[in-house]
Amino acid sequence: MSKFFARFRRDSRGIAAIEVAFIMPFLLFLYFGLVDLTAMISLNRKVTYAASVVADLVTQNDSTVNSSDIDDYFNAAELVMKPTPIDNVRVEVYQYRSVSGTITNQWSRKSPDGGDCAPPDTSGMANLMTDGNDLIVAVVCTTYSPYIATFLGESVLGATTFNMNEQIALRPRQSETLSCTGCS
């Protein structure tokens, strides 16, 4: 019996299979985690750029912008977001005006796709505005569902989807105020 244990201890034929069994789950988790991380960073950059594009296009108008023009700007955001499906992306444009130090929302326009975005954060807007001056805020939001969430679920990640949103505020370029025809 002691010869059997001595031979068993020296035998190294199954070591590679055991090492693979221990290491492979970690390597797969690492691989899919990096795929998710790079996809999330890419989507975040697209959301930021789409908000910047929409805000820039709206602020290039003279003293009035049409709602149909803003809808075209939403189409530009769709091109920026490709290949992400636009039905999961929401684009919103808000106009704020400062009157005697009070900031009020005069009009807004929202894309028909995606869920509702969080309303713009108005803290700090007073520092960007003077009396009778407008500020255009473009908000883009979407959700990201990591591939690894299908394997690990909410118990490990804390959530199976993550909200991504970006808010860009710019002043009109051609005039101090910017009104919108056809906007609410």
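Look a little higher up for the structure.
Keep in mind the model is a prediction, meaning the values are calculated, not measured. (Residues numbered from 1 in each chain as written. Predicted model: local features only at pLDDT ≥ 70, side-chain atom pairs only at ≥ 80, totals over all residues. Heavy atoms only, no water.)

(A) Seen up close, helix H3 (residues 67-81). The end-to-end C-alpha separation of H3 is 21 Å, in line with the 21 Å expected for 15 residues at 1.5 Å each. Three or more residues of H3 are buried, namely Ser67, Ile70, Tyr73, Phe74, Ala77, Val80 and Met81. All buried residues of H3 fall inside an arc of 105 degrees around its axis, so they share one side. Residues of H3 that are buried in the fold lie against helix H2 (15-59), strand E1 (64-66), strand E2 (90-99), strand E3 (102-110) and strand E6 (179-181). (Helix = DSSP H or I, 4+ residues; strand = E, 2+ residues; numbered from the N terminus. Expected span 1.5 Å × (residues − 1). Buried < 20%, exposed > 50% of the residue type's maximum accessible area, 1.4 Å probe, protein only. Arc of directions from axis to C-beta. Contact = heavy atoms within 4.5 Å.)

(B) View of unusual backbone geometry. The residue after Lys82, namely Pro83, is reached through a cis peptide bond having omega 0 degrees. Located in the positive-phi region is Ser100, a residue other than glycine, with phi close to 55 degrees. Residue position: Ser100 is located in the loop between E2 and E3. Owing to a relative accessible area of 62%, Ser100 belongs among the exposed residues under this scheme.

(C) Representation of the pairing of strand E4 (residues 134-144). For E4, the tally of buried residues reaches 10 of 11 residues, placing the bulk of the element in the interior. Bridge count for E4 against strand E5 (residues 162-170) is 9 bridges, and the pairing is antiparallel. When the bridges of E5 are listed, Cys141 appears paired with Asn165. (Pairing = 2+ DSSP bridges.)

(D) The nonpolar core, seen in detail. The biggest cluster of nonpolar side chains holds 29 residues, and the ones touching the most others in it are Val58, Ile70, Val93 and Trp107. Listing elements by their share of this core, those giving two or more residues are H2, H3, E2, E4 and E5. Setting aside anything within four residues of it in sequence, one finds Val58 in contact with Ile70, Tyr73, Val93, Trp107, Ile136 and Leu178. Met125, Met129, Leu135 and Val139 belong to the second-largest nonpolar core, a separate cluster that totals 9 residues. (Core = buried A, V, L, I, M, F, W, Y, C linked by side-chain atoms within 4.5 Å.)

(E) Molecular detail of the pattern of salt bridges. Inspection of every chain in the model, using the stated rule, returns 6 salt bridges. Among the ionic pairs, Glu78 bridges to Lys82, the shortest N-O distance being 4.0 Å. The class of Glu78 is partly exposed, set by a relative accessible area of 25%. Each member of the salt-bridge network shares a partner with another, and the members are Arg90, Glu92 and Asp116. (Salt bridge = Lys/Arg side-chain N within 4 Å of Asp/Glu carboxyl O.)

(F) Just the packing of H2 against H3, in detail. At their nearest, the axes of H2 and H3 sit 9 Å apart, and the two run at 155 degrees to each other. The angle between H2 and H3 falls in the class roughly antiparallel. Considering only the axes of H2 and H3, their crossing is right-handed. For the pair H2 and H3, contact is made by Leu43, Lys46, Val47, Tyr49, Ala50, Val53, Val54, Leu57 and Val58 and by Ile70, Tyr73, Ala76, Ala77, Val80 and Met81, respectively. In terms of residue class, the contact of H2 with H3 is built from 14 nonpolar, no polar and 1 charged. (Axes fitted to C-alpha atoms, helices over the stretch in contact; angles between N-to-C directions. Parallel < 35°, antiparallel > 145°, perpendicular 65-115°, else oblique. Left-handed = near helix turned anticlockwise from the far one by under 90°. Nonpolar A, V, L, I, M, F, W, Y, C, P; charged D, E, K, R; others polar.)

(G) Spotlight on the state of the cysteines. On inspection of all chains with the given rule, the structure shows 2 disulfides. One disulfide in the model links Cys117 with Cys141; its S-S distance is 1.9 Å. Taking the sign of the S-S torsion, -90 degrees for the link of Cys117 and Cys141, the bridge is left-handed. You can see Cys117 sitting in the loop between E3 and E4 and its partner Cys141 sitting in strand E4, a full 24 residues away along the chain. We classify Cys117 as buried; its relative accessible area is 9%. Owing to a relative accessible area of 9%, Cys141 belongs among the buried residues under this scheme. Two residues, Cys180 and Cys183, share a disulfide whose sulfurs are 1.8 Å apart. As the torsion about the S-S bond is roughly 40 degrees, the Cys180-Cys183 disulfide counts as right-handed. Residue Cys183 is classed as buried on the basis of its relative accessible area, which comes to 17%. Taken in N- to C-terminal order, the disulfide-linked cysteines of the protein are connected 1-2, 3-4. (Disulfide = S-S within 2.5 Å.)

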